[in-house]
Amino acid sequence: MVDVDLNKTTIQKYFKLSDYASGDMNYLKTIIDLFNDRAHITSGMNETAVNKDEIADFFRNFFGRNKQLKHLFEIRDVDEDYKTEWVVAGLKSDGTLFSLHGFDYYQFDDAGKITTLKVVISQ
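A few points on the structure.

Rules and cut-offs
Residues numbered from 1 in each chain as written. Predicted model: local features only at pLDDT ≥ 70, side-chain atom pairs only at ≥ 80, totals over all residues. Heavy atoms only, no water. Pairing = 2+ DSSP bridges. Helix = DSSP H or I, 4+ residues; strand = E, 2+ residues; numbered from the N terminus. Expected span 1.5 Å × (residues − 1). Buried < 20%, exposed > 50% of the residue type's maximum accessible area, 1.4 Å probe, protein only. Axes fitted to C-alpha atoms, helices over the stretch in contact; angles between N-to-C directions. Parallel < 35°, antiparallel > 145°, perpendicular 65-115°, else oblique. Left-handed = near helix turned anticlockwise from the far one by under 90°. Contact = heavy atoms within 4.5 Å. Nonpolar A, V, L, I, M, F, W, Y, C, P; charged D, E, K, R; others polar. Core = buried A, V, L, I, M, F, W, Y, C linked by side-chain atoms within 4.5 Å.

### Some points on the pairing of strand S4 (residues 83-92)
Note: strand S3 (residues 66-77) against S4, 10 bridges, orientation antiparallel. Paired with Phe73 across the bridge in S4 is Trp86. Taken together, S3 and the strand that follows it, S4, pair antiparallel across an intervening segment of 5 residues, in which Tyr82 is found at a positive phi of about 45°. For S4 and strand S5 (residues 97-108), the ladder comprises 8 bridges, and the chain directions are antiparallel. Within the sheet, the bridge partner assigned to Ala89 lies in S5 and is Ser99. Between S4 and S5, which pair antiparallel and follow one another directly, the connecting turn spans 4 residues, one of which, Gly95, has a positive phi of 90°.

This is the structure in structure tokens:
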């Protein structure tokens, strides 16, 4: 049976931890632990990661490019893919400011670990 509350909690942790992971490797490790060992990520820039090692590399690179992030998000649909709308403001490592809006689509295993994450940036 699907535990919707557990899956929603995982999404909430993912976004909250993402606001701190650029500056603290412990938060980064905790984000990686939210994913199943055979999880698959497709980023908004069409980058992919297909297992836990690649996911760890993906997030180390992502948070290495960004010095500071602040997300606001709302889980919009839990029927099939846990559609989550988000906005982010950030400061890149080179000092450039940016903001983005988009949607994440999640799938989970029975333990509440993310098995699939697809990020879609809307402009």
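### Some words on helix H1 (residues 4-18)
Over its 15 residues, H1 extends 21 Å from the first C-alpha to the last, a length consistent with the 21 Å expected when each residue adds 1.5 Å. Turning to H1, its buried residues are Asn7, Thr10, Ile11, Tyr14, Phe15, Leu17 and Ser18.

### Quick look at the packing of H1 against helix H2 (residues 25-32)
Following both chains from N to C, one finds H1 and H2 inclined at 155°, their axes separated by 9 Å at the closest point. Considered as vectors, H1 and H2 are oriented roughly antiparallel to each other. Seen from above, H1 lies across H2 with left-handed handedness. Across the interface between the two elements, Tyr14, Leu17 and Ser18 from H1 touch Tyr27, Thr30 and Ile31 from H2. The residue makeup of the contact of H1 with H2, split by class, is 4 nonpolar, 2 polar and no charged.

### Considering the nonpolar core
Of all hydrophobic cores here, the largest spans 28 residues; its most connected members are Tyr14, Ile31, Phe35, Ile41, Phe59, Tyr106 and Leu117. Elements represented by at least two residues in this core include exactly H1, H2, strand S1 (35-42), helix H3 (52-65), S3, S4, S5 and strand S6 (114-122). Looking at this core element by element, the count peaks at 5 residues for H3. If we skip the residues at most four places from it in the chain, Tyr14 touches Ile31, Leu34, Phe35, Phe59, Asp104, Tyr106 and Leu117.

### Describing the sheet that holds S4
Taken in spatial order, the 6 strands of this open sheet run S2-S1-S6-S5-S4-S3, and their pairing is mixed. Taken across any chain shown, the strands that pair with only one partner, and hence form the sheet edges, are strand S2 (48-49) and S3.

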